[in-house]
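This is what each chain is made of:
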Amino acid sequence: HAEKAGSSGKKTDMEHLIKAYLKRNSLSSAQSSASSRKASTAAEEEKYYTKLLGVPPPGTYSSSSATNTRMSNKSVLLDNAYNFALKQFALMKNDESGKMTEQESVNLLEDILKKEQLDERMQSRKVTDEIRDWRDNNAKQTEEGEAEDKGETEEETKKTKGKSSGSASATVGLPSILHSKPYTITALTTWSKRLALLPYNQWSVGAVTALDHWIAIDVLGMDELTWQMVLEGQAGGVALGRDIVDVRCALFPETIMLEDEDEDEDDAFDLADQDNEKKKKEVEQSIDELLASLGGFDEEDEESSSKQEKKDTSMKESPSDEDADADADNEEIIEQMKVDLQQWRSKCESDGPYDSWEEDKKKEFDAWLEKYVRLLANEEWELQYVDYKATRETLLSSPSTTQDESDEYWSSLRDETQAEIFLQSVLAAQENNGDNDSATSAFLSLPYETQLKRFIHLGTLRPLYDEYMSESSKQQFIKQNIHTLLENVYLEHLVSDPKGSITVDDIGSELLQSVEGGDGRQVKKGERFRIELLKYGTDEYGTTRAERARSLYRAWNEHKANRARYEEIMFKKGKIGLKAKKGNEK
């Protein structure tokens with residue numbers, strides 16, 4: 001609209017609004033200039049991906065230039081900035097009073113866009129749930145039909161075979177939400193035929209991306225910019241990405257076989273390794289027998305040495321077996337402790353708080369609590385720092401829950417969309433409930449965005465907070481995410497300090513270099529250090545590897561998104577086939 005007006009002033013206003021959007025979203029000048037050069041470097045990027053994939057550029061096959069590809073368009077951030085500026089410009093222009101300030105228009109437009117994004121996420125989740133329910137109902141009806149067929153005689157089965165197969169196909173049908181979309185149904189049939197031609201795990205990146213793109217736009221009704229956000233892995237796109245995967249698996253069950261096949265391949269490799277190890281032992285045994293037959297071993301010495309070897313082997317293997325048995329026993333004890341905890345909570349709900357219990361019950365609970373704490377403690381010396389009173393109050397303050405109730409609660413926080421649905425239900429329930437405890441009142445006083453973040457973070461940390469999660473699952477979660485969990489937590493760090501009281505000899509140069517994380521700096525012989533509390537994962541202790549890792553991750557994510565876009569266009573143009581080339585499998 002600004003360009004049609006032909007006014008240089010309005011063009012300047014548009015440029016100002018775009019720059020203001022980029023500034024609000026913390027885009028540095030260097031990043032802004034780099035993003036603005038996307039169009040000029042499009043030819044170079046397309047040349048790179050053309051060489052990588054071994055296909056001619058799209059301009060070779062048609063009169064249209066290479067600008068038809070997404071590669072030559074603006075980045076997602078610049079797209080958002082341009083669209084936001086257009087809407088903001090129109091909002092300010094249509095203001096009847098003519099007194100709307102720029103900041104007022106920003107606030108108003110952000111509220112409008114948040115509402116639109118929320119509606120889009122809710123609609124996407126509604127469609128996903130309907131399609132998932134449709135698939136579950138079909139699976140249930142299929143199982144019931146198979147059970148009825150087993151109860152029939154062979155003769156009756158032959159007579160009703162045609163009827164049952166016909167009714168089964170009619171039952172499967174299509175989700176009701178797609179009945180008013182004939183073009184979507186036609187495309188659904190096309191994708192089904194492609195899956196029948198070639199297994200999903202052999203598809204090219206372009207074909208896989210095109211399928212997910214179609215689901216996002218035609219089935220779930222997402223906006224094109226939303227799809228680009230999901231493809232680039234930007235914040236807020238995780239829940240929408242999960243919707244795409246759930247719908248794909250429901251409409252095309254063939255696509256969920258990929259993970260199982262990978263597991264089968266891993267099992268096959270494990271079996272192959274076992275066979276190789278067995279053959280190796282057989283060869284070694286045959287060599288020993290050959291040497292013994294040649295008089296290389298005395299019979300008595302051989303017998304005594306074999307006994308000693310068996311003894312040594314049993315000594316080596318027994319500790320690991322004992323450790324495995326001990327871990328299994330601990331797992332069973334912990335599971336029983338969880339059951340006992342729910343029983344104690346039920347008693348607290350029925351008989352009142354701990355202070356009102358009889359002395360015998362108090363002693364019984366205290367003995368159980370000591371056993372519970374001792375079981376969870378890593379080291380014996382940690383027990384002296386445990387506050388048993390606070391631990392007791394914390395454990396008994398929560399209501400007793402069954403595993404089904406716990407699963408239902410945590411499933412309502414599994415992603416951003418579910419967390420927001422849950423938050424809105426909580427807020428709606430609190431409108432009719434005026435009596436709240438201090439903790440609930442403090443939570444309700446927080447801004448909406450902060451409340452939502454708290455729920456999302458809680459859902460992410462389910463392995464740590466869900467009492468029904470197994471200990472092995474919790475330990476695996478901690479091991480995989482230890483650096484993220486510790487980030488910004490104050491921990492003791494060794495900091496180089498010429499006046500420090502700690503020397504290299506006190507620690508050891510090898511250990512010191514491993515502690516510093518291999519940042520390439522050589523530790524000097526007379527260097528001294530001090531201990532300082534610093535936030536874990538920051539650059540305050542002399543290394544920038546954390547920020548470099550984030551930059552590398554963003555660059556790698558952008559590369560994967562660009563390649564997916566490029567291959568999708570090549571697939572739609574027919575320049576890349578359905579099957580992935582050797583070496584380019586996804």
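Our subject is the structure that appears above.
Residues numbered from 1 in each chain as written. Predicted model: local features only at pLDDT ≥ 70, side-chain atom pairs only at ≥ 80, totals over all residues. Heavy atoms only, no water.

### Topic: the nonpolar core
In terms of nonpolar packing, the biggest core is built from 36 residues, with Trp203 and Trp214 touching the most fellow members. Among the secondary structure elements, those contributing two or more residues to this core are α6 (102-151), α8 (182-197), α9 (205-219), α10 (224-231), α11 (238-251) and α25 (545-572). Counting residues per element, this core draws most heavily on α9, which supplies 9 residues. Membership of the second largest hydrophobic core comes to 14 residues, among which are Leu341, Trp357, Leu369 and Val373. (Core = buried A, V, L, I, M, F, W, Y, C linked by side-chain atoms within 4.5 Å. Buried < 20%, exposed > 50% of the residue type's maximum accessible area, 1.4 Å probe, protein only. Helix = DSSP H or I, 4+ residues; strand = E, 2+ residues; numbered from the N terminus.)

### A short note on the packing of aromatic side chains
Taken as a whole, this structure holds 17 aromatic pairs when the rule is applied. Ring centres 5.6 Å apart and planes at 50° place the aromatic pair Tyr200 and Trp203 in the tilted group. Across the pair, Trp203 and Tyr200 agree in class, each one buried. Ring geometry for Trp344 against Trp357: centres 5.7 Å apart, planes inclined by 25°, an arrangement best described as stacked. Taken as a pair, Trp344 in helix α13 (residues 299-351) and Trp357 in the loop between α13 and α14 (359-376) lie far apart in primary sequence, 13 residues in all. Chaining the aromatic ring pairs together yields one cluster made of Trp344, Tyr354, Trp357, Phe365, Trp368 and Tyr372. Note that Arg194 overlies the ring of Trp191, its terminal NZ or CZ placed 4.5 Å from the centroid. Over the aromatic face of Trp357 sits the side chain of Lys347, whose NZ or CZ is 5.4 Å from the ring centroid. (Phe/Tyr/Trp six-rings, centres within 6.5 Å; stacked < 30°, edge-to-face > 60°. Lys NZ or Arg CZ within 6 Å of the ring centre and 35° of its normal.)

### Focus on the pattern of salt bridges
All chains considered together, the criterion is met by 24 salt bridges. As a salt-bridge pair, Arg374 and Glu370 come within 3.8 Å of each other at their nearest N and O atoms. With Arg374 and Glu370 both in helix α14, this residue pair falls 4 residues apart, about one helical turn. Since its relative accessible area comes to 40%, Glu370 is described here as partly exposed. Close ionic contact of Arg462 with Asp407 constitutes a salt bridge, the shortest N to O distance being 3.1 Å. Here Arg462, found in helix α20 (residues 462-465), pairs with Asp407, found in helix α16 (residues 403-411); they are 55 residues apart in sequence, far enough to count as distant. Overall, Arg462 belongs to the partly exposed group, its relative accessible area being 22%. Ionic contacts of the salt-bridge type, sharing partners, join the residues Arg125, Arg242, Asp243 and Asp415 into one network. (Salt bridge = Lys/Arg side-chain N within 4 Å of Asp/Glu carboxyl O.)

### Quick look at the sheet that holds strand β2 (residues 502-503)
The strand order across the open sheet built from 3 strands is β1-β3-β2, with neighbouring strands paired in antiparallel fashion. Two strands close off the open sheet at either side, each with one partner strand: β1 (490-496) and β2. As paired strands, β2 and strand β3 (residues 528-535) are joined by 2 bridges and run antiparallel to one another. Within β3, the residue paired with Thr503 across the bridge is Arg528. (Pairing = 2+ DSSP bridges.)

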